[in-house]
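Chain by chain, the residues run as shown.
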Amino acid sequence: KTIWAPSRKEVISLFYYPKGNHYKYFNYKTRASIDLGTDIQSLAFSPDGSQTVYFGDRKGDSRGIFISQPDGSSSKNILSSRLENADVYWPSSDLLAFKVDVTGGSELYSLSKSGDVNKILDTKDELEIKWSSNGSRLLFSQKTESEISLFYKNVPSESEMPLNISTSASKC
């Protein structure tokens, strides 16, 4: 798995090792390479590429969601958590989000840099998400009675509507 910075000059990749998977940061301009360790489970760059958000454990801190520089420095815990797993997103400068597995599917939450949490999507079976370029809207897919269906959500207004298309958000 590889996560590119918006500038395409920095990258963080997941490497698989017998003793544990490691995320590694590489800067193509400076040639800096830094092992970010084994305690990160999901990661995303900020829209401008100056920071990352990640879920996991970090340097003796509690488990949770953290913001740091892409090289792992200046790490700050913004949400302590006992969650086992979460996928993190940074769709706009002022919006971070995370998806968690719950009984019956997954839920999506917004997260401010100060740690305020709000639910964006209730429990959805086989939830997949695709954010708009400015982070104000998203496409999501979920399993309905007989198929995977695509939906649109306006995050600020909280309006949600079916698109009557049978496909997953990851294909959009």
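Our structure is the block above this text.
Below you will find a few notes about this structure. This is a predicted model, so every value here is computed, not measured. (Residues numbered from 1 in each chain as written. Predicted model: local features only at pLDDT ≥ 70, side-chain atom pairs only at ≥ 80, totals over all residues. Heavy atoms only, no water.)

1. Some words on the sheet that holds strand β12 (residues 117-124)
Spatially, β9-β10-β11-β12 is the arrangement adopted by the four strands of the open sheet, whose pairing is antiparallel. With one partner strand each, in any of the chains shown, β9 (87-92) and β12 form the two edges of the open sheet. Averaged over all pairs of adjacent strands, the angle between strand axes in this sheet comes to 20 degrees, irrespective of strand direction. Examined bridge by bridge, β9 and strand β10 (residues 95-102) share four bridges and lie antiparallel to one another. Considered in β10, the bridge of D87 is made with K99. (Pairing = 2+ DSSP bridges. Helix = DSSP H or I, 4+ residues; strand = E, 2+ residues; numbered from the N terminus. Axes fitted to C-alpha atoms, helices over the stretch in contact; angles between N-to-C directions.)

2. Let's talk about the layout of surface pockets
In this structure, the largest pocket spans a volume of roughly 460 Å³. If you go around the largest pocket, you meet 19 residues; those closest to its centre are I3, L43, A44, F45 and W90. Among the elements of the structure, β1 (2-4), β5 (40-45) and β9 are those that each provide at least two residues to the lining of the largest pocket. If one sorts the elements of the lining of the largest pocket by residue count, β9 sits on top with five residues. Residues belonging to the lining of the largest pocket are distributed by class as follows: 13 nonpolar, four polar and two charged. Here the second largest pocket is characterised by a volume of approximately 170 Å³. Lining the second largest pocket, in full, are L95, S110, L111, S112, D116, N118, K119, I120, K153, V155 and E158. (1 Å grid on protein atoms, 1.4 Å probe; cavity = no way out; pocket = protein on both sides within 12 Å on 5 of 7 lines; lining within 4 Å. Points joined across faces, edges and corners; volume = space filled by probe spheres on them. Nonpolar A, V, L, I, M, F, W, Y, C, P; charged D, E, K, R; others polar.)

3. Observations concerning the sheet that holds strand β15 (residues 148-154)
Spatially, β13-β14-β15-β16 is the arrangement adopted by the four strands of the open sheet, whose pairing is antiparallel. In this open sheet, the two strands that pair with only one neighbour each are β13 (128-131) and β16 (159-162). Here the strands of the sheet are splayed against their neighbours by 25 degrees on average, with no regard to which way each runs. Here β13 runs beside strand β14 (residues 137-143); their pairing, made up of four bridges, is antiparallel. Within β14, the residue paired with E128 across the bridge is S141.

4. Here's the deal with the nonpolar core
One finds V53, I65, I78, V88, L96, F98 and L111 to be the most contacted residues of the largest nonpolar core, which totals 15 residues. Within the residue set of this core, elements represented by two or more residues are β6 (52-56), β7 (64-68), β8 (76-80), β9, β10 and β11 (105-111). At three residues, the largest contribution of residues to this core is made by β10. The residues touching V53, leaving out its near neighbours within four places in the chain, are S42, L43, A44, I65, F66, I67, V88, Y89, W90 and L96. Formed by 13 residues, the second largest nonpolar core is a distinct cluster that contains Y89, A97, W131 and F151. (Core = buried A, V, L, I, M, F, W, Y, C linked by side-chain atoms within 4.5 Å. Buried < 20%, exposed > 50% of the residue type's maximum accessible area, 1.4 Å probe, protein only. Contact = heavy atoms within 4.5 Å.)

Keep in mind these numbers describe shape, not what the thing actually does.
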